[in-house]
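The chain contents come next:
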Amino acid sequence: MIESLLVANRGEIARRIIRTARRLGVRAIAVHSEADADLPFVAEADEAVCVGPANPAQSYRNTEAILAAARSTGAQAIHPGYGFLSENADFARTVEASGLIWVGPGADAISAMGDKINARNLMAAAGVPVAAGTTEPAADVAAAVAAAAEIGYPVMVKAAAGGGGMGMGVAVDEAALRTEYDKVRAFAERMFGDGSVLLERYFPRVRHVEVQILGLADGRVLALGERECSVQRRNQKLVEESPSPAVSPELRSRLLAAAVRAGEAVDYRNAGTVECLLDPTTGEFFFLEMNTRLQVEHPVTELVHGIDLVEEQLRVAAGLPPTFDPDALTVRGHAIELRVNAEDPKRFLPGPGTIKTWVEPTGEGVRVDSGYAEGNTVTPFYDSLMAKLIVHGQDRTEAIARARAAVAAFDLSGPKHNLPFFAELLENQEFLSGDYDTSIVSRLR
């Protein structure tokens, strides 16, 4: 097993990785910005190094500072978490060229799936269902208009280099397409340094379902069940659950098989996620993107399978077999994750501030992965995620009941937060029925 691990991230995911590392006897090394010096993950690491000021470009995305921290602390491996440098193929290559172990998929797989058009084409060639769309970037508005005429309106306009729900817009006609194309292209150039734009068929009613994959050290690719991620605002997830209430055993078989083909197509190793759109009317599903990293919502998969995905990541990176029998995977019960963000529960606008009270819920089937504690300040420099509230029950009904109780018991004050939204959602009949889609939040607001 790896002996020392530098966690190139912050907040709840850094703390969560450190927890597993220390349980395994792996020396855990944190890096942090000046703004994060007082957060729990820094105190809980065996060693911590400040890598720069609050600006992520000067700290958490500062590859030279992170590699220098790895050298100075004698780290053997680097775990990037999610976001920041986790899907940066050049960084992955640099880490390995430096003689360190990269806890993630190979740089070639990251590169192949990082470009959304290239990823779509690769998946189509591998026999993974792909929605109608462009096979190369729309070079200008005229090309986009021509492509949309073939695909049919409405269309989704997407940044080819984007991800995480950013750089997307819907066009219902040509006039809207011209506006969205310019908007998405400008955003993509500013945020990703790549203004390439693709068009895909847009589904007015759709569910967002994804499959957790794990590429083992021996070359096999496993599918560890699916997650439902349709409760979203601005194309960004708020709630995830596993199994999906929309997926039948027959559909699950097809979905998981497609995810395995997707991983095999790029010789995938380590943890990743194949995201799909599911048409609830027809039962058709289509490849959306592959996230070549650990997902925010990985705990729901852990709870229903009884495994620690971070431990499995470390084992794959070290060339070791998994802790479980790949041929005997079973799903036990139902899990739900709620993303507790520092944001207004009505408009979902960021609401940073100092935490005055922070008392986490406890009890059977309740888990909290948090990045903050009482007295910490949620700053405006990073994502608004403060904690993930995860519950597990013997079935969906029990999981929802435990989620309700946990939300009510979470005593949090100071920053604005979205716990009131979750309290409302968990009483909503559409959500309770399991028959909901990605527009459910708009109907609640």
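This text goes with the structure placed above it.
Before going into details, it helps to say that this report is about the structure given with it. Here the residue index of a chain counts from 1 through its sequence in written order. Owing to the predicted nature of the model, reporting of local features is limited to residues with pLDDT of at least 70; listing and counting of side-chain atom pairs is limited to 80 or more, with chain, interface and lining totals taken over all residues. Processing note: side-chain calculations cover all non-hydrogen atoms of the structure and skip hydrogens and water entirely.

### What to know about the pairing of strand β6 (residues 155–159)
Each regular strand displays side chains that alternate between the two surfaces of the sheet.
And then number 1: For β6, the tally of buried residues reaches five of five residues, placing the bulk of the element in the interior.
And then number 2: Neither face of β6 is exposed, since Val155, Val157 and Ala159 on one face and Met156 and Lys158 on the opposite face are all buried.
And then number 3: Strands were regarded as paired on the criterion that DSSP finds at least two bridges between them. Elements are defined by DSSP. Helices are runs of H or I of four residues or more, strands are runs of E of two residues or more, and each kind is numbered from the N terminus. Pairing geometry for β6 and strand β7 (residues 168–171), over four bridges, is antiparallel. If you follow Val157 over to β7, its bridge partner there is Gly169.
And then number 4: One ladder, built from five bridges, connects β6 with strand β8 (residues 197–201); its direction is antiparallel. In the sheet register, Val155 faces β8, and the bridge partner there is Arg201. Residue burial is assigned from relative accessible area. The probe radius is 1.4 Å, only protein chains are included, and a residue is buried under 20% of its type maximum, exposed over 50%, and partly exposed in between.

### Comments concerning unusual backbone geometry
And then number 1: Residue Pro154 is bonded to the preceding Tyr153 through a cis peptide linkage, with omega at 0°.
And then number 2: Along the chain, the position of Pro154 falls in the loop between α7 (141–151) and β6.
And then number 3: Residue Pro243 is reached from Ser242 by a cis peptide bond, and omega for that bond is 0°.
And then number 4: Turning to its location among the elements, Pro243 is positioned in the loop between β11 (236–242) and α9 (249–265).
And then number 5: Although it is not a glycine, Phe84 sits at a positive phi angle of roughly 45°.

### Looking at the sheet that holds β6
And then number 1: In spatial order, the strands read β7-β6-β8; together these three strands make up an open sheet with antiparallel pairing. The open sheet has two edge strands, β7 and β8, and neither has a second partner. For this sheet the average axis-to-axis angle between neighbouring strands, irrespective of direction, equals 25°.
And then number 2: Strands in contact with helix α8 (residues 174–192) are β6, β7 and β8; relative to β6, the strand with the most contacts, it is inclined by about 20°. Here the axes come from fitting lines to C-alpha atoms, over the contacting stretch only for helices, and the angles between their N-to-C directions go from 0 to 180 degrees. Pairs of residues are marked as contacts when any of their non-hydrogen atoms sit within 4.5 Å.

### Topic: the pattern of salt bridges
And then number 1: Between Lys or Arg on one side and Asp or Glu on the other, a salt bridge is scored when a side-chain nitrogen of the former is within 4 Å of a carboxyl oxygen of the latter. Enumeration according to the criterion identifies 42 salt bridges in this entry.
And then number 2: Salt-bridge contacts for Glu241 lead to Arg396; the nearest nitrogen and oxygen are separated by 2.7 Å. Here Glu241, found in strand β11, pairs with Arg396, found in helix α12 (residues 396–409); they are 155 residues apart in sequence, far enough to count as distant. Exposure class is identical for Glu241 and Arg396. Each is buried.
And then number 3: Through salt bridges with shared partners, a single network forms among Arg16, Arg19, Arg23, Glu302, Asp308, Glu311, Arg367 and Asp369.

Geometric values such as these leave the question of function open.
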